[in-house]
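Chain and residue survey
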Amino acid sequence: MRNLAADDELRFLSLNTATVRGQGDLLTILDAAARHGISIVSPWRDQVQDVGLDRAVRALRDGRFALSGYCRGGLFPTDADHRAEERGDNRRAIDEALALGAPCLVIVVGGLPQYTRSDAAPSHDIADARAQVADGLAAMLDYAESVGMPLALEPLHPMTAAERSCLNTLRQALDLCDQLDPQRSRGLGIALDVYHVWWDFEVMEQIARMGRDRLLTFHVCDWLVPTTNLLTGRGMMGDGVIEIRKLRGAVEALGYEGACEVEVLSDDWWRRPIDEVLETMIERYHTAC
Ligand code: ZN
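Summarised in this report is the structure supplied together with it. (Residues numbered from 1 in each chain as written. Predicted model: local features only at pLDDT ≥ 70, side-chain atom pairs only at ≥ 80, totals over all residues. Heavy atoms only, no water.)

**Observations concerning the sheet that holds strand β3 (residues 66-67)**
Keep this limit in mind: Note: two strands are recorded as paired if DSSP finds a minimum of 2 bridges between them. Helix and strand assignments come from DSSP, with helices taken as H or I runs of at least 4 residues and strands as E runs of at least 2, each series counted from the N terminus. What makes two residues a contact is simply this: any of their non-hydrogen atoms within 4.5 Å. Helix axes are fitted only over the stretch in contact, all axes being lines through C-alpha atoms; the angle between N-to-C directions runs from 0 to 180 degrees.
Taken in spatial order, the nine strands make up an open sheet running β3-β2-β1-β9-β8-β7-β6-β5-β4, and their pairing is parallel. Two strands lie at the open edges of the sheet, namely β3 and β4 (70-74), each paired on one side alone. In the sheet, strand β1 (residues 13-16) pairs with strand β9 (residues 260-262) via three bridges, with the strands oriented parallel. By the bridge assignment for β9, S14 is matched with E261. Against the sheet, helix α12 (residues 274-287) engages β1 and β9, with an angle of about 140° to β1.

Listed below in structure tokens is the structure:
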């Protein structure tokens, strides 16, 4: 297992740019990252769109940043009237990921239609939402495979099932991988986020089932007790109850040598100065990951 405490050059630390989305635009974030010696980032689509794709590509290149992912595509469940819109949007997400040089596009699949895409006709049928996810992902994978962009399915904690993701466990995500890519040859894999899987009693055996080839990126933060916001109540590593090192040990036992991507969606951290957040993040990368 890698000794991150000794990684003074931050070779394996990635900043998911949503961690400091409250403090400025993507260009501001990249400047701050460079100041702190961070050389790997994972930007979000809305942040790229705010500054424009061309400017984002240039800033990443000029700053010699590598990417650990691009967040995010998916959000499949909708109604028949909005199906074409969803398919087009996901195709664009793949094109953007290619332009940015991302190693994978992270997929958050969506929940019930009315909370996933605006204007979609309401439904309470979560089984239908899951069927739509399988269909939408199949279509998306055809295009992604043809242009060589791996798709990283991120299972989300079940508390997000209505609004954000009806894909809730690693087992469920791997079942979908087996269904759509049984030969493990099409570039469909997993974004494993400790925040979403730490509670799962079968996570260790499912990590072993996943294997190195299906692990595309690894996200860290912490689970606060109590958790008071379903989306923006995440903690900095070391402030909560997740056994981050145990989970990292399990993925590194598979042979994973990629980034530890820090993704803290937090009203609390978004209110603090960006340098304080990044300093704390680096310290915790060394001591709590
Ligand atoms: Zn994540």
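**Some points on the nonpolar core**
The condition that has to hold: Throughout this description, the term nonpolar core refers to a set of buried Ala, Val, Leu, Ile, Met, Phe, Trp, Tyr and Cys residues connected via side-chain atoms within 4.5 Å. Summary of the burial criterion: residues with accessible area below 20% of their type's maximum are buried, those above 50% are exposed, and those between are partly exposed, where the area comes from a 1.4 Å probe applied to protein chains only.
Counting residues in each nonpolar core, the largest one holds 81 residues, and the members touching the most others are L105, L151, L153 and L192. For this core, the element with the highest residue contribution is helix α6 (residues 126-147), accounting for eight residues. Once you skip the residues sitting within four places of it in the chain, L151 turns out to touch I94, L105, I107, L137, M140, L141, A144, G187, L188, G189 and L216. Formed by nine residues, the second largest nonpolar core is a distinct cluster that contains A18, C104, V106 and L265.

**Quick word on the coordination of the zinc ion**
Spelled out, the test is: Coordination partners: N, O, S within 2.8 Å of the metal, 3.2 Å for Na, K and Ca; water not considered, so apparent gaps in a site are possible.
All of the protein donors around the zinc ion are E154 (OE), D193 (OD), H219 (ND1) and E263 (OE); their distances to the metal are 2.0 to 2.2 Å. One chain supplies every donor to the zinc ion, and in sequence these donors are spaced E-x38-D-x25-H-x43-E. Highlighted residues: E154 in the loop between β6 (151-153) and α7 (170-180) and E263 in the loop between β9 and α11 (267-270), separated in sequence by 109 residues. E263 sits in the buried class, given a relative accessible area of 3%.

Everything listed here is a matter of coordinates, which is why it stays silent on function.
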